[in-house]
Amino acid sequence: MARLFCEHMKRQTQSLNGAWKLLTDPKDIGESEGWSSSLPEGKTVSVPSVWNMERGLLTYEGVVWYEKSFYSEGGTLRFCFGAVMTEGKVWLDGKYLGSHYGGFCQFELIAPDVEAGMHTLIVRVDNSFNAQSIPQAFVDWYHYGGITRGVSVETLKGICVLSQRMEYTLSEGLDRAACRVVAELYNEGKRLKSASVNVEIDGKTVCSDTVAVRGRRTAEVVLGEFELEDIRLWDIGKPELYTISVTTDTDDLIDRVGFRKVEVKDGKVLLNGRSIEFRGVNRHEEHPEFGFAFPPSLMRRDLELALEMGCNAIRGSHYPNSKEFVDLLDEMGVMFWSEIPIWGCGFSDEALADKVVVARGLEMHREMLKYYYNHPCIVMWGMHNEIHLYHEAAYKMSELYYGFLKENGGNRLVVYACNYPKEDICLEFCDLACLNMYFGWYYGYEDDAWEKFIEEFSARLDLLGMGDKPMVMSEFGCAAMAGYHDDDSILWSEENQAKQLSHCVRLFHEHPKVSGSFIWQFCDIRTSRQTGLNRARGFNNKGIVNEYRKPKLAYYAVKQEYCAFAKEETK
């Protein structure tokens, strides 16, 4: 898939981005009519994209079919999809390859014994909702549909490396790392085969093993254990990265890793042994001209704006972001909070207890870990956002997800975002108490509303025996219409937004039990008409920049505060 570096030197890969045929299927007749072999008609569109940008399809939800013709030399082909919004079913030359549910993580499908020549790839995409959807129909972002990230086809030969993760434990002095690499290997041949598998770090071989894999099967293997010395730590603004290569005689997979330690101790968040404060923003990977098919050049622009404002952290609200963007965070030394799209305001208690919903959420966490594990910038895994934390079903979901992420997620904090602080019964299943509150916008217009809330919630943590659990203000803010200026007490004005956010971040910074903040939100985003929230312009206007990334007054107000906090850290 698209990265900021080459993932393969040996494996033959071919991009399938570009021109595809598209045909809507509002009555969902395509499968019965045989569209899985060839579309009867259609218009040419570019992939990756969202269909909502096509004339007449802005509000379309349902089934859409895509078709791509390509040439291949044949063999065992692996089709890689960066993201399909929300459910995809795939056919090659009329033969069903498989399906995937979930719109924000990549997936792959393997087709053996493909003959050389021209081929037809068909994808049925469905972004409609039902009672078991993640997210549910009620979301405060626009529910785009389409093949939103890149598509490629790879030719597999011999023993192939499908995925790999570097597991490590740093020494007490943080200068040595006990490591092991866990790899997912696939044998594209029909019979049992052995191969030598090598692991290199920055071009130096650190371990080698001989592995046998049954024909046409996948196996997860541990490729030895080794120790690295004189570790260069990945840190905020100091992004030390290592290149890790796992190779066989016929295949390879290249990734980047970084070594750092994040932990909670004595009521503080520590990174590499020192106390840190999150200076963050919530960012949707969305643009009014591209939807979720977000261009890489704009990813860099978003990050540059955040860094200029003094940010050291970004929350990927409310879904795994593009791997290209997370690569940028790795490279620039910015912390990241990655989560799955369980946006709780749309989840009923019945949905939280639904076994299919819970299983789908767990699978999304499993995929997030599989594809993002090696990114050092990810310091937090997010389980869910604003679910009914007072309900027994939420307790069971949180217990399940927390246990899975702590056991399998590497050195990360595990969190969720709460908007029921007084009723929350799940606080034992988080490493930080992350709070979504909107005093001064939806409620709490008293001058001291924030101060009272922080003290009351701090007292509740003490009462629960969790007084050492740091608090993070994961969402707060108010809307401003870009270009609307008035007295700073007037709602919707840029002046009011700037005044409120400046007050909040300074208050949080000065409170000893608050370990940082994530402003809601970085940019204005399009929202769904189905939410019933009646957002002005059809946008959530709480961005400190507008949807085209033009800064509002709040951007400069927060920049003044965040940059001052950053200077305090260096003293």
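Everything below is about the structure shown above.
Residues numbered from 1 in each chain as written. Predicted model: local features only at pLDDT ≥ 70, side-chain atom pairs only at ≥ 80, totals over all residues. Heavy atoms only, no water.

Draft legend 1. Here's a closer look at the overall build of the chain. Within the chain one finds 8 helices and 32 strands. On C-alpha atoms alone, the chain measures out to a radius of gyration of 24 Å, which is about the 25 Å that the 2.2 N^0.38 rule sets for 571 residues. In the chain, buried positions account for 61% of the 571 residues. Look at the contacts in the chain between residues 6 or more apart in sequence, and 73% of them connect residues 24 or more apart. For the chain, the exposed surface amounts to about 22,200 Å²; the carbon and sulfur share of it is 48%. Across the chain, the mean location of the 63 positive side-chain charges is 3 Å away from that of the 84 negative side-chain charges. (Helix = DSSP H or I, 4+ residues; strand = E, 2+ residues; numbered from the N terminus. Rg over C-alpha atoms; globule rule 2.2 N^0.38 Å. Buried < 20%, exposed > 50% of the residue type's maximum accessible area, 1.4 Å probe, protein only. Contact = heavy atoms within 4.5 Å. Areas by Shrake-Rupley, 256 points an atom, 1.4 Å probe, with all protein chains shown as cover. Lys, Arg positive; Asp, Glu negative; His and termini not counted. Charge placed at Lys NZ, Arg CZ, Asp CG, Glu CD.)

Draft legend 2. Inspection of the sheet that holds strand β19 (residues 252-257) at higher detail. Strands sit in the order β16-β15-β18-β19 across an open sheet of 4 strands; the sheet is antiparallel. Each end of this open sheet is capped by a strand with a single partner; those strands are β16 (204-213) and β19. Across the sheet, the axes of successive neighbouring strands diverge by a mean angle of 15°, strand direction being ignored. Relative to strand β18 (residues 242-247), strand β15 (residues 193-201) is paired through 4 bridges, and the arrangement is antiparallel. The residue of β18 that forms the bridge with Ile201 is Ile244. (Pairing = 2+ DSSP bridges. Axes fitted to C-alpha atoms, helices over the stretch in contact; angles between N-to-C directions.)

Draft legend 3. Representation of the pattern of salt bridges in the model. Following the criterion strictly, the structure yields 38 salt bridges and no others. For Arg11, the salt bridge goes to Asp251, with nearest N and O atoms at 2.6 Å. Remark: Asp251 occurs in the loop between β18 and β19 and Arg11 occurs in the segment before β1 (12-15); sequence separation between them is 240 residues. In this structure, Arg11 and Asp251 share a single accessibility class: buried. Between Arg149 and Glu285 there is a salt bridge whose closest N-O contact spans 3.6 Å. Here Arg149 is found in the loop between β11 (146-147) and β12 (151-156), whereas its partner Glu285 is found in the loop between β23 (278-283) and α1 (296-308), with 136 residues between them in sequence. Taken together, the shared-partner salt bridges connect Arg11, Arg78, Glu108, Glu154 and Asp251 into one network. (Salt bridge = Lys/Arg side-chain N within 4 Å of Asp/Glu carboxyl O.)

Draft legend 4. Examining the side chain of His365 more closely. Within the secondary structure, His365 sits in helix α4 (residues 355-372). Ignoring any residue separated from it by four or fewer positions in sequence, one finds His365 in contact with Ile340, Gly382, Met383, Tyr401, Phe404 and Leu405.

Draft legend 5. The packing of helix α7 (residues 494-510) against helix α8 (residues 553-570), seen in detail. Between α7 and α8, the least distance of the axes is 7 Å, while the angle of their chain directions is 20°. The angle between α7 and α8 falls in the class roughly parallel. In this structure, the crossing between α7 and α8 has a hand that is right-handed. Contacts between α7 and α8 involve Glu494, Glu495, Gln497, Ala498, Leu501, Ser502, Val505, Arg506 and His509 from the former and Leu553, Ala554, Ala557, Val558, Glu561, Tyr562, Phe565 and Glu568 from the latter. In terms of residue class, the contact of α7 with α8 is built from 9 nonpolar, 3 polar and 5 charged. (Parallel < 35°, antiparallel > 145°, perpendicular 65-115°, else oblique. Left-handed = near helix turned anticlockwise from the far one by under 90°. Nonpolar A, V, L, I, M, F, W, Y, C, P; charged D, E, K, R; others polar.)

Draft legend 6. Region of the structure containing the nonpolar core. One finds Phe278, Trp450 and Met473 to be the most contacted residues of the largest nonpolar core, which totals 113 residues. Here this core gets 8 residues from one element, more than from any other, and that element is α4. Residues in contact with Met473, not counting those within four places in the same chain, are Leu435, Trp450, Phe453, Ile454, Phe508, Val514, Gly516, Ser517 and Phe518. Core analysis: the next-biggest nonpolar cluster, separate from the first, contains 29 residues, Ile159, Ala177, Leu185 and Leu223 among them. (Core = buried A, V, L, I, M, F, W, Y, C linked by side-chain atoms within 4.5 Å.)

Draft legend 7. Just the side chain of Ser493, in detail. Here Ser493 shows up in the loop between β29 (471-475) and α7. Among the polar contacts listed, one links the side chain of Ser493 to the backbone oxygen of Ile490, at a separation of 2.8 Å. Setting aside anything within four residues of it in sequence, one finds Ser493 in contact with Ala480, Tyr484, Asp486 and Asp487. (Polar contact = N/O pair within 3.5 Å; in protein donor to acceptor, adjacent residues only side chain to side chain.)

Draft legend 8. Representation of helix α5 (residues 392-408) in the model. Its 17 residues place the ends of α5 24 Å apart at the C-alpha level, agreeing with the 24 Å of an ideal helix rising 1.5 Å per residue. Those residues of α5 not exposed but buried are Ala393, Ala394, Met397, Ser398, Tyr401, Tyr402, Phe404 and Leu405. The arc that holds the buried residues of α5, viewed along the axis, is 165°, so those residues lie on one side. Exposed residues on α5 whose side chains face more than 90 degrees from its buried face are Lys396 and Glu407. Lining the buried residues of α5 we find α3 (349-353), α4, β26 (378-385) and β27 (413-418). Residue Gly410 follows α5 closely and has a positive phi angle near 75°. (Expected span 1.5 Å × (residues − 1). Arc of directions from axis to C-beta.)

Draft legend 9. Layout of the environment of Ala394. Following the sequence through the fold, Ala394 ends up in helix α5. Placed 18 residues apart in sequence, Ala394 and Arg412 show a C-alpha to C-alpha distance of 22 Å. Beyond its immediate sequence surroundings of up to four residues, Ala394 is in contact with Leu352, Ile387, His388, Leu389 and Cys426.

Draft legend 10. Representation of the packing of aromatic side chains. Counted by the stated rule, this structure contains 36 aromatic pairs. Consider the rings of Phe476 and Phe508, whose centres lie 5.0 Å apart with planes at 85°: the pair is edge-to-face. With Phe476 in the loop between β29 and α7 and Phe508 in helix α7, this pair connects stretches of sequence that are 32 residues apart. Looking at Phe476, the relative accessible area reads 0%, which means it is buried. A residue is classified by how much of its surface remains accessible, and Phe508, at 1% relative accessible area, is buried. Aromatic side chains Tyr555 and Tyr556 sit 5.3 Å apart centroid to centroid with 90° between the ring planes, which places their arrangement in the edge-to-face category. Here the aromatic cluster, defined as three or more aromatic residues joined through ring pairs, consists of Phe104, Phe138, Trp141, Tyr142, Tyr144, Phe292, Tyr319 and Trp343. Cation over ring: Arg232 sits above Tyr242, and NZ or CZ is 4.2 Å from the ring centre. (Phe/Tyr/Trp six-rings, centres within 6.5 Å; stacked < 30°, edge-to-face > 60°. Lys NZ or Arg CZ within 6 Å of the ring centre and 35° of its normal.)

Draft legend 11. Structural context of α1. Helix length check: α1, at 13 residues, gives a terminal C-alpha distance of 19 Å against a target of 18 Å (1.5 Å per residue), a fit within 8%. Taken as a whole, α1 has its buried residues at Met299, Asp302, Leu303, Leu305 and Ala306. Looking down the long axis of α1, one finds its buried residues gathered within 160° of arc, a one-sided arrangement. Of the surrounding secondary structure, the elements contacted by the buried residues of α1 are β23, β24 (313-316), α2 (323-332) and α8. Positioned one or two residues after α1, Gly310 has a phi angle of 95°, which is positive.

Draft legend 12. The arrangement of empty space enclosed by the protein in detail. This structure, assessed with the given rule, holds 4 cavities of 30 Å³ or more. Reported here for the largest cavity is a volume of approximately 250 Å³. Taken together, 24 residues form the lining of the largest cavity, with Glu7, Gln106, Leu162, Leu253 and Lys323 sitting closest to its centre. For the lining of the largest cavity, the secondary structure elements donating two or more residues are β5 (75-81), β13 (159-170), β19 and α4. The greatest single-element share of the lining of the largest cavity, amounting to 4 residues, is contributed by β13. In the lining of the largest cavity, the residues fall into 9 nonpolar, 6 polar and 9 charged. (1 Å grid on protein atoms, 1.4 Å probe; cavity = no way out; pocket = protein on both sides within 12 Å on 5 of 7 lines; lining within 4 Å. Points joined across faces, edges and corners; volume = space filled by probe spheres on them.)

Geometric values such as these leave the question of function open.
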